[in-house]
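Fold and contact review
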There are 2 protein chains.
Amino acid sequence: MATVDSTDPELACPISPVVDIVFSRWTTPILWSLHTFGRQRFVELQRGITHITPKVLTQRLRQLERDGLVTRTYHPEVPPRVEYEISDLGRSLAPLFAGLAEWATDNLGKVESARRVYDGAEPRAVTGRRA
Amino acid sequence: MATVDSTDPELACPISPVVDIVFSRWTTPILWSLHTFGRQRFVELQRGITHITPKVLTQRLRQLERDGLVTRTYHPEVPPRVEYEISDLGRSLAPLFAGLAEWATDNLGKVESARRVYDGAEPRAVTGRRA
DNA sequence: CTGTATCCATTAAGATACTG
DNA sequence: CAGTATCTTAATGGATACAG
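Residues numbered from 1 in each chain as written. Chains lettered and ligands numbered in written order. Predicted model: local features only at pLDDT ≥ 70, side-chain atom pairs only at ≥ 80, totals over all residues. Heavy atoms only, no water.

Per the secondary structure count, chain A includes six helices and three strands. Start at the N end of chain A and walk to the C end: the helices and strands fall as α-α-β-α-α-β-β-α-α. For chain A, the proportion of its 131 residues judged to be buried stands at 44%. Counting every atom, chain A has about 7000 Å² of accessible surface; 56% of that belongs to carbon and sulfur. (Helix = DSSP H or I, 4+ residues; strand = E, 2+ residues; numbered from the N terminus. Buried < 20%, exposed > 50% of the residue type's maximum accessible area, 1.4 Å probe, protein only. Areas by Shrake-Rupley, 256 points an atom, 1.4 Å probe, with all protein chains shown as cover.)

The sites that carry the UniProt feature "domain: HTH hxlR-type" (unreviewed entry) are, in the present numbering, residues 13-112 of chain A. In the segment residues 13-112 of chain A, helix accounts for 61% and strand for 14%; the C-alpha atoms at its two ends are 26 Å apart. (UniProt positions renumbered as here; feature names shortened; annotations may be inferred.)

Before going further, it helps to examine the domain arrangement of chain A. All names here are of chain A. Annotation of chain A at the domain level lists domain 1 (13-90) and domain 2 (93-124). Taking only C-alpha atoms, the centre of domain 1 and the centre of domain 2 are 27 Å apart. Counting residues at the interface gives nine residues for domain 1 and five residues for domain 2. Across the domain 1/domain 2 interface, buried area totals approximately 530 Å², and carbon plus sulfur atoms make up 83% of it. Area buried by domain 1 at its contact with domain 2 is led by Phe23, Trp32 and Gly90, which between them contribute 51% of it. Counting every contact that joins domain 1 to domain 2 gives zero salt bridges. At the junction of domain 1 and domain 2, the tally comes to one residue pair in polar contact (both at pLDDT 80 or more). Secondary-structure elements contributing two or more residues to the side of domain 1 that touches domain 2 are helix H2 (27-37) and helix H5 (88-91). (Domains from an automatic or database assignment. Contact = heavy atoms within 4.5 Å. Buried area = accessible area lost by both parts, 1.4 Å probe. Salt bridge = Lys/Arg side-chain N within 4 Å of Asp/Glu carboxyl O. Polar contact = N/O pair within 3.5 Å; in protein donor to acceptor, adjacent residues only side chain to side chain.)

Bringing the environment of B:Val70 into the picture now. Residues and elements named next belong to chain B. Take Val70: it is sitting in strand E2 (residues 70-75). For Val70, a relative accessible area of 3% gives the class buried. When the C-alpha positions of Val70 and Glu83 are compared, they lie 10 Å apart, and in sequence the two are 13 residues distant. Beyond its immediate sequence surroundings of up to four residues, Val70 is in contact with Leu31, Leu34, Leu64, Glu65, Tyr84, Glu85, Ile86 and Ser87.

The next thing to look at is the sheet that holds E2(B). Residues and elements named next belong to chain B. On the basis of which strands lie adjacent, the open sheet formed by three strands has the order E1-E3-E2 and antiparallel pairing. Among the strands making up the open sheet, the edge pair consists of strand E1 (40-41) and E2. Relative to strand E3 (residues 81-86), E2 runs antiparallel, the two being bridged by six bridges. Counted as the bridge partner of Val70 is Ile86 from E3. Here helix H2 (residues 27-37) sits on the sheet in contact with E1, E2 and E3, set at roughly 90° to E3. Against the sheet, helix H4 (residues 54-66) engages E2 and E3, with an angle of about 110° to E2. (Pairing = 2+ DSSP bridges. Axes fitted to C-alpha atoms, helices over the stretch in contact; angles between N-to-C directions.)

Moving on, we come to the interface of chain B and chain A. For interface size, the figure often reported is the accessible area lost on association. Listed by partner, the interface residues are 56 residues for chain B and 56 residues for chain A. Three residues, B:Ile15, B:Arg66 and B:Trp103, lead the burial of chain B against chain A; their summed loss comes to 14% of the area buried on that side. Scanning the region where chain B abuts chain A turns up four salt bridges. Taking the shortest distance from any N to any O, the salt bridge between B:Asp119 and A:Arg66 comes out at 2.5 Å. Of all the secondary-structure elements, those providing two or more residues to the side of chain B that touches chain A are helix H1 (16-22), H2, H4, E2 and helix H6 (94-120) of chain B. Top contributing element to the side of chain B that touches chain A by residue count: H6(B), with 16 residues. When grouped by side-chain class, the residues that make up the side of chain B that touches chain A number 29 nonpolar, 15 polar and 12 charged. (Nonpolar A, V, L, I, M, F, W, Y, C, P; charged D, E, K, R; others polar.)

Looking now at the relation of the copies chain B and chain A. Structural alignment of chain B on chain A gives an RMSD of 0.0 Å, achieved by rotating through 180° and translating 0.0 Å along the axis. Both chain copies can therefore be described as sitting about a two-fold axis. Comparing contact sets, 100% of the residues at the interface of chain B also lie at the interface in chain A, consistent with an isologous, same-surface contact. (Least-squares fit on C-alpha atoms with pLDDT ≥ 70 in both.)

So, in structure tokens, the structure goes:
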């Protein structure tokens, strides 16, 4: 049975589940920061990842912890100290992240120029777009 | 200058822009289908990707076309015929998709068991979570 | 320091019906 | 066939304030 029900696009695409787990606006910056700079406290993450609010940071960290990609260590001191670290499972994404980063440097410019062409193209009726 | 402004998480994470372009609920199934089964018409894509509505399919296809990952060919016939095909730029994502698919088969089970552990863990006060 | 609690804005997506 | 037009809902995220 597993997690597949017929309403999910997973059936047609084996990477959809990974997208749900790893790729959202703030999860990749968090994973990247933990992977690149190592174990960090809550406030360090907040400072390193520009403009993320504590609410959202907490939400994403909880999700990553639940999915086993990040570990959370609570030190019962005063004031409290909590450290987050990427897990082995999270680290297993590293080569994929490296590949994506490389794709970005190689191809982001092409995407941007494609957009300029598309946005600047005079809309002709025969194309069926923007009659 | 490019596209970077200080409100984006791109500064801290070089793969955030790729996430915006490639990874959303329906873009990966669309790219996967076009890459795996080749050039397809609108209705073929709709049938192959279960439960996607024409509105959403149109939206994602337009975005992918604008970003240069997919090409759209309009044949002015009656009834009209439109074919979508993955572009060279889109095809350049193939190895990354293969890597993600492999990660999925290897690690999705670990994620699921991590979730079971997390959800079933008795919440102790000392962890600082769920007092 | 490490979060919660509210409230609000934005957006992707789903349901449904309709057009050239 | 290949979409568009509306309307509604759900999910994220942002702003701000406050608590242990």
